[in-house]
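Here is what each chain is made of, one letter per residue.
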Amino acid sequence: MCPSSLRAKVLSAVAFAVPSLFALIATPALAESPRTMMLELHGGGYTPNVDSELSGATPWKDTFGGGSMTMLRMHLDYELWQAHGTLAIGAGFGYGWIDGNARNEVGDKTDDKVGFNLLPLQLSLVYRWDWAAVEHGVPLVPYGKVGLTGAIWWATDAKDSISNARVGDAGREGQGLTLGWHAAVGVMFLLDVFSESMSIGFDNESGVNNSYIFAEYQHTSLDDFGSGKSLVLSDDALSFGLAFEF
Amino acid sequence: MTVTPLRLLTALAIPLGIAGAARAAIPNFSFVGIEGVGTLDGKLNDRLGRTSNATEHIINIDDCGVYAGGEVDVTVRVDPKPTGDWQYAIAYAPPGKTCSTSDANPEAVDGQCYVPAAQRELDSTTIDFIINLDDLIGSACESGDEGDATLYVILQNTSLSEVKFESVIFNVDLGAPTAPTLSDVTSGDARFVAKWTDTANTEDGIEYAVYYGDAPFTKDDIDAVDGKSGITTKTIAIESGLSNDVTYYVSVAARDQADNESVLSNQLEVTPASTTDFWESYVGAGGKEPGGFCFIATAAYGTPLEAELGTLRHFRDEMLMGSAAGRTIVHGYYQFGRFWASYIADKPALRAVVRVLLVPVVWFADLTLALGPEGAFLALLAAFSGYRHLRRRARLRPLLVVQELR
């Protein structure tokens, strides 16, 4: 696996997937079309709490400093129930990356660029209290999510290959899958209030009923459910983005 | 190699057929090949364009030295021959000189034209002749000159005074590029990164070669040191064959399209040293994450040393990871595999079941690794077709027996 090309492919896939989803799923409508799905595009940071597993040692901080990973995510859910709010089940994936510098034998930063990449895959149950927004035009929609997360991760060395640490005669590959769960709360702001005619046109032309901007706070527990033998990739992270209901 | 006006005109004129009476092309003309004669037998470089229908013929500085005083045997073909009585002439001129093409008795237009054959009867479809390379090159190898030498093949119809000719261009490039300036070499873990500048070489197609060895070296030593050529950027990471704590001396050279290489740049020293990346640091600090994948198979087979597991890993790395669809399958397996792996790990009976279920998967992986994806597909298709054929025969057999009884 070539990490750089994988990164490019993941980003390309995200860029391709968004318009494709609209092209495939959204249908023009003259009256307001039925609401069935929500697509969320997230951007934010993520700082895996790797160092918490180790007593005193701080390999993450030593390598990547105090910065956080850049994390882009996409979430798509299907609305199961719409009454006093919307209950939906959805899935999403993301891609996060960070680059840092390897250390020399005395712990000083070197010119060798190394990295860490995270590909979280999520299944979520979502509840959005959008009754006030849909029925009365109140533009705020609080929501919550809970679900399972699996994250494929890989660490790269200075040659941009998967890092391999030798312990005795055995090598340990710097890649794997860590499982866990997540819970999130957030609030969405309905953009339709700025221009009702534009939102109606968007629905007629693309089938998008509502457009939102949102902020989401997500707790992710990624440590193989506390197995004690896993890379701890947990974090509490804030993300922002755009959402389209169609 | 630069684009000279003659080369440009020739390139434009041939496809457009715009030469008119003065540039009537020979119908059914083809270039057959060049072979060294005498001391040059087997010594010609491929860039001379030795093979049939070669369109690019280059002589660089190294070739000039090797070819000095030598001759080559050139063969062209006109097949089928034009009807009527035709004579042919062969002539060639060094860069900057031309031969007349008005009849089958060419002469120098501006001082130098060599004529191996003139006013010969065209009695064969193949024309074979000798060229003196010193005359074709026309300059001393160290002159730095560059230009296009021209080989003319002229046909003249003796009764109609009709003349047709073809020219074959030999790019004689005796100018080496200027050496770049090696500006920086930084060390890494069994690697280094070299950066250089080059403001002098502005022609198209310039490439670079980086040379490095564990002792200072000169241009004469580059065959004995390591190197990487064909570099089109001005920075390169050398990441194989290096040892930590060894001092390497690094130089860079520019190379033009004629494969002329500049003198070496300035030489810088670098000493790669061990570094620790995040994962090594994590493992070194006592991190317990084992890393790697293959959960279900490892759990089923019990130990990663099993041959079947090796097959599955090879299948993953060599087949699945090479395609987007394959990677999707692998990612799906990784997404859901660990749940199943942890579930079956302490259940020997279930492990045995999974192990049996994995047998066809391992067979398929073995087959694909042995025959390739296309071969495996064809083999499976053949097996399926054979199975259907046998099954059909088995179904029809009772009917045939009944018919025979009737």
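By convention here, each chain's residues receive numbers from 1 onward along its written sequence. For this description, chains carry letters from A and ligands carry numbers from 1, given in the order in which they are written. Confidence filtering applies because this is a predicted model: local features only for residues at pLDDT of at least 70, side-chain atom pairs given and counted only at 80 or more, and all residues used for totals across whole chains, interfaces and linings.

Moving on to the overall build of chain B. For the purposes of this entry, the term helix denotes a DSSP run of H or I that reaches at least four residues, the term strand denotes a run of E that reaches at least two, and both are numbered from the N terminus. Looking only at helices and strands, one finds 8 helices and 15 strands in chain B. Exposed residues have 12 or fewer other C-beta atoms within 10 Å of their own C-beta, buried residues have 20 or more, and partly exposed residues fall in between, where C-beta atoms are placed from the backbone. Among the 406 residues that make up chain B, the fraction classed as buried is 31%. Note on contacts: each residue gets a C-beta atom placed from the backbone, and two residues are in contact if those atoms are within 7 Å. For chain B, contacts bridging at least 24 residues in sequence account for 66% of all contacts bridging at least 6.

Before going further, it helps to examine the pairing of strand β10 (residues 235-245) of chain A. The pairing of strand β1 (residues 37-46) of chain A with β10 of chain A spans 7 bridges and is classified as antiparallel. The residue of β10 of chain A that forms the bridge with G43 of chain A is F240 of chain A. If DSSP finds at least two bridges between two strands, the strands pair.

I59, Y88, Y92, Y152, V153 and I154 of chain B are the most contacted members of the largest nonpolar core, which totals 41 residues. When residues in this core are grouped by element, the largest group, 7 residues, is from strand β4 (residues 86-93) of chain B. Those residues within four positions of I59 of chain B in sequence are excluded, and the remaining contacts are L48, C64, Y67, I137, F170 and V172 of chain B. Any set of buried Ala, Val, Leu, Ile, Met, Phe, Trp, Tyr and Cys residues joined through C-beta atoms within 7 Å is what this text calls a nonpolar core. The next biggest cluster of nonpolar side chains, apart from the first, holds 35 residues, and it includes W60, F93, L118 and L231 of chain A.

Attention now moves to the interface of chain A and chain B. Of the residues lining the interface, 41 residues belong to chain A; the matching set on chain B comes to 30 residues. Elements with a minimum of two residues in the side of chain A that touches chain B: α2 (59-64), β3 (85-103), β4 (109-128), β5 (140-156), β6 (164-167), β7 (170-173) and β8 (175-190) of chain A. Among the elements that line the side of chain A that touches chain B, the one with the most residues is β4 of chain A, at 6 residues. Residues belonging to the side of chain A that touches chain B are distributed by class as follows: 19 nonpolar, 11 polar and 11 charged. Classes in brief: Ala, Val, Leu, Ile, Met, Phe, Trp, Tyr, Cys and Pro nonpolar; Asp, Glu, Lys and Arg charged; the others, Gly included, polar.

Attention now moves to the sheet that holds strand β6 (residues 126-132) of chain B. Whether parallel or antiparallel, the strands of a sheet pair through hydrogen bonds between backbone atoms. Residue and element names in this part refer to chain B. Strand order in the open sheet formed by 3 strands is β1-β3-β6, with antiparallel pairing between adjacent strands. Taken across any chain shown, the strands that pair with only one partner, and hence form the sheet edges, are β1 (29-37) and β6. Going from strand to strand, the sheet's axes swing by 20° on average, the running direction of each strand aside. With 7 bridges joining them, strand β3 (residues 71-78) and β6 adopt antiparallel strand pairing. The residue of β6 that forms the bridge with D73 is I130. Helix axes are fitted only over the stretch in contact, all axes being lines through C-alpha atoms; the angle between N-to-C directions runs from 0 to 180 degrees.

All names here are of chain A. If you walk around this closed barrel you meet the 8 strands as β1-β2-β3-β4-β5-β8-β9-β10, and the pairing is antiparallel. If you compare each strand with its neighbour and ignore which way they point, the axes differ by 25° on average. Bridging between strand β9 (residues 210-222) and β10 involves 11 bridges; their strand directions are antiparallel. Note on β10: the bridge partner recorded for E216 is S239.

All names here are of chain B. In terms of strand pairing, strand β11 (residues 207-213) meets strand β14 (residues 248-255) through 7 bridges, oriented antiparallel. If you follow Y212 over to β14, its bridge partner there is V250. The sheet contact formed by β11 and strand β12 (residues 226-231) spans 4 bridges and is antiparallel. Each residue of the ladder has a partner; that of Y208, found in β12, is I231.

From the geometry alone we can't say anything about function, so treat these as descriptive.
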